[in-house]
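Geometric and topological summary
Residue-level listing of the chains:
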Amino acid sequence: MGDDSSPSKRRRNSAVRLLMVGPPGCGKGTQAALLSEKLGIPAISTGDMLRQAVAAGSELGQKVKGIMSEGALVDDETMAQVVEDRLAAADAQDGFILDGYPRNLDQAETLAGILDGAQESLDAVLVLDVPQEELVRRALARKRADDKEEVIRERLRVYEEKTEPLIHYYRERGILRRVDGHLPVEQVTSRLLEALSELHKP
Ligand code: AMP
C-alpha cells in the first residue's frame, strides 16, 4: 500500500498491537495465549512477569509481593519501567498482545507515550465481558496463592474503580472491540479473531 518499501518499515506496518482488557477472571490470559499462537506475536502479561519476579525473589519481586497479595495495584512508575523494557525486546517489535497493562488512565497515557516514541500505535483494545458472579467462581477455581475470596473481590473492586474507565478512553479513540467472554473458550477466540479481521477492512 504505502510507498515505503524498506523491510523494517514494512514489518512495522504489518505488526499487530493489541490490548486485552477485562476484569480478573474474564479469561483474557487464556485468550491472549491463544491469539498469540494464531497471530505469531508474544502475549505479554504484566501479572505473570510480576509473579515470576516474586518467585525469583528479585528486587522487583520483593517490592511488589505484599501489594499483589492484597489485590492492590503496583505503582505506575514501577509498571512503566517493566512495560517499557519488555516492549523494547526483540520479540515485541513485530507486534504484541498486552494483558494486564494498562490498569488505569495514567498507565494508558504512559503506554501511548512509549508507543508514540517508537512511532507505533495500538490497533485494537479487546474487552471480554463476563458477569461478576462468574468471575468470582472462575477465580476461586484457579486457586492461585493470591486468590482468596476477599482478595478476588478487592481485585474486582479495583478493576471497576481504576481499570473500567479505560473502556471509555479507548472507545473514544475508536479502537475498542467488545466480545462476550461468557462462552466456550474456542468461541471467544473466533469472535476475537473476527473482530480483528474487521480492523483491516477499508
Ligand atoms: P493480573 O495477573 O494481571 O491479575 O495481575 C496480578 C497482580 O499484579 C495485580 O493484582 C496487581 O497487583 C499486579 N499488576 C499486574 N499488572 C499491573 C499493572 N499494570 N499495574 C499495577 N499492578 C499490576
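Use the structure listed above.
Residues numbered from 1 in each chain as written. Predicted model: local features only at pLDDT ≥ 70, side-chain atom pairs only at ≥ 80, totals over all residues. Heavy atoms only, no water.

Observations concerning the overall build of the chain
In plain terms, the rule: Helix numbers and strand numbers start at the N terminus; a helix is a DSSP run of H or I with at least 4 residues, a strand a run of E with at least 2. Between buried and exposed lies partly exposed: a residue is buried under 20% and exposed over 50% of the maximum accessible area for its type, with that area taken using a 1.4 Å probe on protein chains only. Note on contacts: a residue pair is in contact if any heavy atoms of the two residues lie within 4.5 Å. Accessibility throughout is a Shrake-Rupley quantity obtained with a 1.4 Å probe, and a residue counts as covered only by protein chains that appear here.
The helix and strand inventory of the chain stands at 10 helices and 5 strands. Considering the chain as a whole, with its 202 residues, one finds that 43% of them fall into the buried category. Within the chain, contacts between residues at least 6 apart in sequence are counted, and of these 73% link residues at least 24 apart. Split by element, the accessible area of the chain, about 11,000 Å² in all, is 49% carbon and sulfur.

Quick look at the packing of aromatic side chains
In plain terms, the rule: Classification of ring pairs uses Phe, Tyr and Trp, with its six-membered ring standing for Trp, and accepts pairs whose centres are within 6.5 Å; under 30 degrees between planes counts as stacked, over 60 as edge-to-face, and the remaining range as tilted. Cation placement over rings: the criterion is NZ of Lys or CZ of Arg within 6 Å of the ring centroid and within 35° of the ring normal.
Applying the stated criterion to the full structure yields 1 aromatic pair. Taken together, a centroid distance of 4.8 Å and an interplanar angle of 85° make the contact between Tyr169 and Tyr170 edge-to-face. For the pair Tyr169 and Tyr170, a shared accessibility class is recorded, and that class is buried. In this arrangement the basic side chain of Arg173 is found over the ring face of Tyr169, its NZ or CZ atom lying 3.6 Å from the centre.

Examining the site of the ligand
The condition is simple: Note on terminology: near, applied to a residue and a molecule or strand, indicates that one of the residue's heavy atoms is within 4 Å of it. We define a polar contact as two N or O atoms separated by no more than 3.5 Å, with the added condition that, inside protein, one atom must be a possible hydrogen donor and the other a possible acceptor, whereas residues neighbouring each other in sequence contribute only through side-chain atom pairs. Throughout this entry, Asp, Glu, Lys and Arg are counted as charged residues, while Ala, Val, Leu, Ile, Met, Phe, Trp, Tyr, Cys and Pro are counted as nonpolar. The remaining residues, Gly among them, count as polar.
The immediate surroundings of the ligand are formed by 14 residues, with Thr46, Arg51, Ala72, Gly100 and Gln107 found nearest. Between an oxygen atom of the ligand and a side-chain N or O atom of Arg51, the distance comes to 3.0 Å. Between Gln107 and the ligand, the recorded distance is 3.0 Å, taken from a side-chain N or O atom to a nitrogen atom. Taken by itself the ligand offers 470 Å² of open surface, and the protein chains cover 96% of this. Top element by residues in the shell around the ligand is helix 3 (residues 46-56). It accounts for 4 residues. In terms of residue class, the shell around the ligand is built from 7 nonpolar, 4 polar and 3 charged.

A few points about the pattern of salt bridges
Applied cut-off: One side-chain nitrogen of Lys or Arg within 4 Å of one carboxyl oxygen of Asp or Glu is enough to make a salt bridge.
Counted according to the given criterion, the structure contains 11 salt bridges. Where Glu161 meets Arg157, a salt bridge forms, and the shortest distance between an N and an O atom there is 2.7 Å. Of this pair, Glu161 and Arg157 both sit in helix 8 (residues 149-163), 4 residues apart, which is roughly one turn of that helix. Judged by its relative accessible area of 47%, Glu161 is partly exposed.

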